[in-house]
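Below, each chain spelled out in residue letters.
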Amino acid sequence: MAVSDAAKLTALIEINAKINSSYSSENALLTYILESAMRLLECEASSVILEEEKSKELVYYATISPDGSKLTNTTVERNSIAGWTIENNIPVIIDDVESDFRYSPNERISPDYVLHTMIVYPFLVKGKCIGVVELINKSDGRNFDSSDLEILKILCDQASIAYQNAKKVETNYLNTLPLHLAGSSRSDYHTFIAKSPSVLDLIHVIEEVAVTNSSVLITGESGVGKELFAEQLHLKSLRSSKPFIRVNCAALSPSLLESELFGHVKGAFTDAVSEQEGRFKAADGGTLFLDEIGEFPLDLQAKLLRVIQARQFEPVGSSKTISVDVRIVAATNRDLEAMVKNGTFRTDLYYRLNVLPINIPSLRERKEDIEPLSEFFLQKFGEVTKKKFSGFSPEAIQALHNYYWPGNIRELENTVERACVLGMPPYIQLSDLRLPGTMKAAEETKEIVKLPLEEVLAEEYSESSDGDRTLKTAVNKFKKAYVCKILDQTSWNQTKAGKILGIQRTYVSRLLNELHIREEKDLT
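Residues numbered from 1 in each chain as written. Predicted model: local features only at pLDDT ≥ 70, side-chain atom pairs only at ≥ 80, totals over all residues. Heavy atoms only, no water.

*Asks:* In this structure, what is going on with the overall build of the chain? I would like to understand it.
*Replies:* A count of helical and extended segments in the chain gives 20 helices and 15 strands. Counting the 524 residues in the chain, one finds 48% classified as buried. Summarising the internal contacts of the chain: among those between residues at least 6 apart in sequence, 67% fall at separations of at least 24. Only carbon and sulfur atoms are counted for the fraction: they give 50% of the accessible area of the chain, which is about 25,400 Å². (Helix = DSSP H or I, 4+ residues; strand = E, 2+ residues; numbered from the N terminus. Buried < 20%, exposed > 50% of the residue type's maximum accessible area, 1.4 Å probe, protein only. Contact = heavy atoms within 4.5 Å. Areas by Shrake-Rupley, 256 points an atom, 1.4 Å probe, with all protein chains shown as cover.)

*Asks:* For this particular structure, what's the right way to read the packing of aromatic side chains?
*Replies:* Describing an aromatic ring pair means giving the distance of the ring centres and the angle of the ring planes. The final tally for this structure, using the stated rule, is nine aromatic pairs. Arranged with centres 6.2 Å apart and planes meeting at 15°, the rings of Phe244 and Phe289 form a pair that is stacked. Of this pair, Phe244 sits in strand S8 (residues 244–248) while Phe289 is found in strand S9 (residues 287–291), placing the two residues 45 residues apart along the sequence. Under the relative-accessibility criterion, Phe289 is labelled buried at 1%. (Phe/Tyr/Trp six-rings, centres within 6.5 Å; stacked < 30°, edge-to-face > 60°.)

*Asks:* Even after reading the chapter, I still don't get the sheet that holds strand S13 (residues 356–359), so can you show me in this structure?
*Replies:* Strands in a sheet are paired, the pairing made by backbone hydrogen bonds, and the direction either parallel or antiparallel. Pairing in this open sheet of five strands is parallel, and the strands run S8-S9-S12-S7-S13 from one edge to the other. A strand with exactly one partner marks an edge of an open sheet, and here the two such strands are S8 and S13. Across this sheet, the average inter-strand angle for adjacent strands is 20°, counted without regard to direction. Relative to S13, strand S7 (residues 216–219) runs parallel, the two sharing four bridges. From the neighbouring strand, Leu217 faces S13, where its bridge partner is Pro357. (Pairing = 2+ DSSP bridges. Axes fitted to C-alpha atoms, helices over the stretch in contact; angles between N-to-C directions.)

*Asks:* Can you walk me through the confidence of the model for the chain in this structure?
*Replies:* The predicted coordinates ought not to be read in detail in places where the model reports low pLDDT. Per-chain confidence: the chain averages 82 in pLDDT, with 80% of residues scoring 70 or above. Throughout residues 444–449 the model reports pLDDT below 50, and contacts reaching past four residues in sequence, or to other chains, amount to seven contacts. In this model residues 520–524 is a low-confidence stretch, pLDDT under 50, and it forms ten contacts with partners more than four residues away in sequence or in other chains. (pLDDT = per-residue confidence, 0-100.)

*Asks:* Mind showing me how you'd approach the packing of helix H5 (residues 197–210) against helix H6 (residues 226–235) here?
*Replies:* For any two helices packed against each other, the geometry is given by the interaxial angle and the distance between the axes. Running from N to C, H5 and H6 cross one another at 40°; their axes reach a closest spacing of 8 Å. In this view, H5 runs oblique relative to H6, as classed from their interaxial angle. When you trace H5 past H6, the crossing you get is right-handed. For the pair H5 and H6, contact is made by Val199, Leu202, Ile203, Ile206, Val209 and Ala210 and by Phe229, Gln232 and Leu233, respectively. Residues that form the contact of H5 with H6 fall into these classes: eight nonpolar, one polar and no charged. (Parallel < 35°, antiparallel > 145°, perpendicular 65-115°, else oblique. Left-handed = near helix turned anticlockwise from the far one by under 90°. Nonpolar A, V, L, I, M, F, W, Y, C, P; charged D, E, K, R; others polar.)

*Asks:* Help me understand H5 in this model?
*Replies:* Residues separated by three or four positions in an α-helix point in the same direction, a consequence of the helix having 3.6 residues per turn. For H5, built from 14 residues, the straight-helix expectation of 20 Å at 1.5 Å per residue is met to within 8% by its first-to-last C-alpha distance of 20 Å. Residues of H5 that are buried include every one of Val199, Leu202, Ile203, Ile206, Val209 and Ala210, and no others. All buried residues of H5 fall inside an arc of 125° around its axis, so they share one side. (Expected span 1.5 Å × (residues − 1). Arc of directions from axis to C-beta.)

*Asks:* How should I be thinking about the pattern of salt bridges in this particular structure?
*Replies:* Close approach of charged atoms allows side chains with opposite charge to pair. Counting across every chain of the model gives 18 salt bridges. Arg78 is paired through a salt bridge with Glu51; the nearest N and O atoms lie 2.1 Å apart. Of this pair, Arg78 sits in the loop between strand S3 (75–76) and helix H3 (81–88) while Glu51 sits in strand S1 (residues 43–51), placing them 27 residues apart in sequence. Take Arg78: its relative accessible area is 38%, and that puts it in the partly exposed class. (Salt bridge = Lys/Arg side-chain N within 4 Å of Asp/Glu carboxyl O.)

*Asks:* What's the story with the environment of Pro91 in this structure? I'm lost.
*Replies:* Secondary-structure assignment places Pro91 in the loop between H3 and strand S4 (92–94). Between the alpha carbons of Pro91 and Pro122 there is a distance of 6.1 Å; along the sequence they are 31 residues apart. For Pro91, the contacting residues outside a window of four places in its chain are Val120, Tyr121, Pro122 and Leu149.

*Asks:* For this particular structure, what's the right way to read helix H9 (residues 301–310)?
*Replies:* For H9, the set of buried residues is Gln301, Leu304, Leu305, Val307 and Ile308. Looking straight down H9, one finds its buried side chains confined to an arc of 160°; they lie on one side. The first or second residue beyond H9 is Arg311, which carries a positive phi of 60°.

*Asks:* I would appreciate a short explanation of the side chain of Arg102 in the present structure.
*Replies:* By the secondary structure assignment, Arg102 is in the loop between S4 and strand S5 (118–125). At 2.9 Å, the side chain of Arg102 and the side chain of Asp100 are in polar contact. Setting aside its immediate chain neighbours within four residues, Arg102 contacts Asn79, Ser80, Ile81, Trp84, Val92, Ile94 and Glu107. (Polar contact = N/O pair within 3.5 Å; in protein donor to acceptor, adjacent residues only side chain to side chain.)

*Asks:* What's the story with the side chain of His234 in this structure? I'm lost.
*Replies:* Mapped onto the fold, His234 is located in helix H6. A relative accessible area of 1% means that His234 is categorised as buried. From its side chain, His234 meets the backbone oxygen of Arg239 in a polar contact 3.4 Å long.

*Asks:* Looking at this model, I keep getting lost on the sheet that holds S5. Mind explaining?
*Replies:* The antiparallel open sheet is built from six strands, whose spatial order is S3-S2-S1-S6-S5-S4. This sheet does not close on itself; its edge strands, each paired only once, are S3 and S4. Bridge count between strand S2 (residues 58–64) and S3: two bridges; the pairing is antiparallel. Directly across from Val59, in S3, lies its bridge partner Thr75. Running at roughly 140° to strand S6 (residues 128–138), H3 makes contact with S1, S2, S4, S5 and S6 of the sheet.

*Asks:* I'm lost on the packing of helix H12 (residues 370–385) against helix H13 (residues 394–402) in this one. Help?
*Replies:* Across the interface, H12 lies against H13 with an axial gap of 10 Å and an inter-helix angle of 120°. By the angle between their directions, the pair H12 and H13 is classed as oblique. The crossing of H12 and H13 is right-handed. Between H12, through Ile370, Glu371 and Ser374, and H13, the contact on the second element is made entirely by Ile397, Leu400 and His401.

*Asks:* Could you clarify how one ought to interpret the pairing of S9 in this entry?
*Replies:* Consecutive side chains along a regular strand alternate between the two faces of the sheet. Of all five residues that make up S9, five are buried, and the element is covered over most of its length. Here S9 shows no split at all, with Thr287, Phe289 and Asp291 on one side and Leu288 and Leu290 on the other all buried. By the bridge criterion, five bridges tie S8 to S9 in an arrangement that is parallel. Across the sheet, the residue bridging to Phe244 is Thr287, located in S9. Inspection of the sheet shows S9 paired to strand S12 (residues 327–332) by four bridges, in the parallel sense.

Below is the structure:
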């Protein structure tokens, strides 16, 4: 195999790994496909034209032209080279574009750019042609040939799988976008992000519960975001235009908590130099969120119970009764039923609070939320640290999914903040996360000897005994040889091999099947 062919093969392997592990945006993926194809086939311009599902119009989704102009979202006539290729599902090589019977003037990616040569390949998704990839004007006035067509075929086959994955991820993100924006319009509320089925189901429950005035008890481990769910209850309720008042019951002593909640009159106690309105009065017409309700002092629980039942109370040091219309949302990570049994929490108060119970699952029970939450925190702390991160490396993403997260979302946020401080753009690396157990894994990965691609090529690609020297066969042979060598070095541990190859463990398993790789002993 010639050196130039080996270089192209190496590039294809690198492109394959990258597009199957690093892109979740359709547009970013399509642009990278064009850049890669232009580099491999040495041409001046390129475009991706896709067929709209509903209108069936042909639209430029991505273009790269010499003058930097773009035709994104511009339509192309059906009576065109792109339209003919989609209709017939046949790739074409054209040496004189503007004299071709299929050519349409609106296929130009720039008004003044002259099309000479072109290679067009159908872009298939699940066997259906949804568009084309066009490469235009091979450099130095050369024509495209069959070897270029084969390279483009391999690239488009690889890109098809990645495109399906990217579209799925992007669709999921768009489905959760209303949740992502729900608390963003007002600065005093947190941004709510979720895409896991369990949380999306909870949001539907909250929408039903929000229209009532009954008390709600939110339970869940520390750090799962109970306050954010309380905010959603308020924002989706008829009280949303009224105050949402927060009180952390664990942060104040019993005497201070009583004054904070119910207010006091001047002279009620030594430091009461003026009259103070309590949180219940401040929340009148709205919602009062009592966080850490399990820490509420036993001797104050009767007074809280009365407010919930009668909607009345007296400020500290006063005999004047104040009436309020307040909805109570309480939250705790403690077992209130156990506290009721041992006498540290009133039974009647528990039942008054627990009218509508909502339990928030831990982060390890909704792993679909890990990546979007991580991306949100990355953007947040990237701005704080003034570092422009593009995302997480595949190894870092895998570690985030594999970790147990005992501290839930609060721990995830702290982890990403630390990674932004320690890491360097463009990507957060595994070592930047400093998660328990990941530092050792990162060192183990570094200790494995890296295989030069040229060495594998030299070993595997002398001319085949059957004379088959096509690029497709060469790519598959290289993949098989390279993956086997990495698996040998990792004692056939697919997780470690995936980290070195820059792909997910599931993709390693798929390669074993696709490339007919078998090991005598059981795979790890």
